[in-house]
Amino acid sequence: MAVREGLLSLLSDGPRYGYQLKTQFEAATGGIWPLNVGQVYTTLDRLNRDGLVGELAAAAETETAQKSYELTAAGREALGAWWSTVPVDEPPPRDELMLKMLMAIDHGRDHALAVVTSHRTALLGLLQARRREARQQTAAGVTPPHDLLAAQLVHDALVVRAEADLRWLDLCESRLLASGQPDRTDGAASERSEPAGPTARPTPARRLTRKARR
Amino acid sequence: MTDTPILQFVDVVKSFGAGVAEVYALRGVNLAVDPGEVIAVMGPSGCGKSTLLHLAGALETPSAGRVLVAGDDLAGLTLHQQAALRRRDVGYVFQRLNLVPSLTAVENVMLPLELDGVASRAARGVAIEAMHTVGLEQQLDRYPDDFSGGQQQRIAIARAIVGERRVLLADEPTGSLDTANADQVVELLATLPERFGTAVVLVTHEPRFASYADRIIFLRDGSIIDESSASDVPPSIEPLVGMLR
């Protein structure tokens, strides 16, 4: 979705001022997409140029009055077409994690497995933190207000995507272990960087020592 | 909390077969589980997860190294003492429900107590408390077949915790359940430490269930390769955590 589709969607409920559109856009997208009001007016100008929105006549007559915009018939049609278009991953998106794994495999099995491990650990730590927070809120009897539905849905999407990434990392690990792909033993291997980010973690042995309760 | 881990693995090795046919299930595992701690164990199939639980429950013996429950080395226990340990200190929940179909729900829960010599009347009282813990105290005298899969797993958990056991070992306990029932079962397991101080070791493939744990350890080829905890979220993904709040 671009800002353009977002504004068309908001205007389908009736005429809006630019600033109204900015605040409603940010609320509707769960707070993850802050908009500059200048972006709103630039997009409205383009939509106006393309005949998808129009300025309300009353507002257009006076320069000092805030401009109000409404959807045109063409805009309604464009919005309808957008609602009915199903997003497909064709060609595959250039996903950061996927591409990083593909590059890691090029450096040998052990390096790739180390990347799997570091990313899996980070993602699981994130899920644990979220779970702990949710359980604390439940224990305290905190229920999110209804108007936070958008934020909740964003949160759900992030959690589910983290789970999907973890499943994919599991598949990577299984395929790497099954492939028997040898680790790279030439000089280049010694020059590669072992994964420090995103986790930059101490070694398992060190942390287990730290964790061990005497 | 005490200083003594309720469960401890010290340089534990477990292998099966001999000579060229020898296969290592665990290779030098070190792990300490505190009372009241929830540990999730993850890893690919065949990585040694279930073997780790079998050793903790004295269902198998290590090829090398030591497994200690509340400071006691399991190798120093007689078979009789090991059986007593399984009845009194260490509970086990399996993926398969393993309830005795000819016994009622409460009779299934009473079973380990009665095997341990507790009189029926007293055992029933304790079992009813355990059924209350899992939210099935109104259905004591129904038979396992009368319950849903999720409810049967809750009965199995009641049986595994009855008598104030200190460690609960759960091997893929949600494997045969639908999502809603699985959520309830794991939520129940996660409340046990707070309510009874029980330590829980949960083997699972599911990140959503592992996320209930205080610590998650990863096994690969019989070795612990990493672990994560909620407090270890690395700085580079903190912004994402912020978005999740």
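I will try to describe carefully the structure that is included in this document. (Residues numbered from 1 in each chain as written. Chains lettered and ligands numbered in written order. Predicted model: local features only at pLDDT ≥ 70, side-chain atom pairs only at ≥ 80, totals over all residues. Heavy atoms only, no water.)

Details of the overall build of chain A
Next, step 1: Counting its regular elements, chain A contains 10 helices and 3 strands.
Next, step 2: The helix and strand sequence of chain A, counted from the amino end, reads α-β-α-α-β-α-β-α-α-α-α-α-α.
Next, step 3: Among the 214 residues that make up chain A, the fraction classed as buried is 34%.
Next, step 4: In chain A, of all internal contacts separated by at least 6 residues, the share reaching a separation of at least 24 is 65%.
Next, step 5: In the form shown here, chain A has an accessible surface area of approximately 12800 Å², with 56% of it arising from carbon and sulfur atoms. (Helix = DSSP H or I, 4+ residues; strand = E, 2+ residues; numbered from the N terminus. Buried < 20%, exposed > 50% of the residue type's maximum accessible area, 1.4 Å probe, protein only. Contact = heavy atoms within 4.5 Å. Areas by Shrake-Rupley, 256 points an atom, 1.4 Å probe, with all protein chains shown as cover.)

As for the sheet that holds strand S8 (residues 199–203) of chain B
Next, step 1: Strand order in this open sheet of 6 strands is S6-S7-S8-S3-S9-S10 (chain B), and the pairing throughout is mixed. In the strand order of this sheet, the two ends are held by strand S6 (90–93) and strand S10 (223–229) of chain B, each with one partner. Averaged over neighbouring strand pairs, the angle between their axes works out to 20° when direction is ignored.
Next, step 2: Where strand S7 (residues 167–171) of chain B lies against S8 of chain B, 5 bridges are found, and the strand directions are parallel. Bridge pairing in S8 of chain B links Val167 of chain B to Ala199 of chain B.
Next, step 3: Against the sheet, helix H7 (residues 109–139) of chain A makes contact with strand S3 (38–42), strand S9 (215–220) and S10 of chain B, and its axis sits at roughly 35° relative to S10 of chain B, the strand it touches most.
Next, step 4: Helix H6 (residues 179–196) of chain B contacts S3, S7 and S8 of chain B of the sheet and is inclined by roughly 150° relative to S8 of chain B. (Pairing = 2+ DSSP bridges. Axes fitted to C-alpha atoms, helices over the stretch in contact; angles between N-to-C directions.)

Side note on the sheet that holds strand S1 (residues 7–16) of chain B
Residue and element names in this part refer to chain B.
Next, step 1: Sheet architecture is open: 4 strands sit in the order S2-S1-S4-S5, paired in antiparallel fashion. If you trace the sheet from one side to the other, it starts and ends with strand S2 (23–33) and strand S5 (72–73), each paired once.
Next, step 2: Where helix H1 (residues 49–56) meets the sheet, it contacts S1, S2 and strand S4 (64–69), and its direction lies at approximately 120° from that of S1.

Here's the deal with helix H2 (residues 79–88) of chain B
Residues and elements named next belong to chain B.
Next, step 1: Taken together, the buried positions of H2 are occupied by Gln82, Ala84 and Leu85. One face of H2 carries all of its buried residues, which in axial projection span an arc of 160°. What points out from H2, more than 90 degrees from its buried face, is the exposed set Leu79 and His80.
Next, step 2: Where H2 is buried, its residues contact S4 and S6. (Arc of directions from axis to C-beta.)

Things to note about unusual backbone geometry
Residues and elements named next belong to chain B.
Next, step 1: If you check the backbone angles, Ala58 has positive phi at about 55° while not being a glycine.
Next, step 2: Within the secondary structure, Ala58 sits in the loop between H1 and S4.
Next, step 3: Residue class for Ala58 comes out buried when judged on its relative accessible area of 6%.
Next, step 4: For Asp221, which is not a glycine, the phi torsion comes out positive at approximately 50°.
Next, step 5: Within the fold, Asp221 resides in the loop between S9 and S10.
Next, step 6: The exposure class of Asp221 is partly exposed, given its relative accessible area of 45%.

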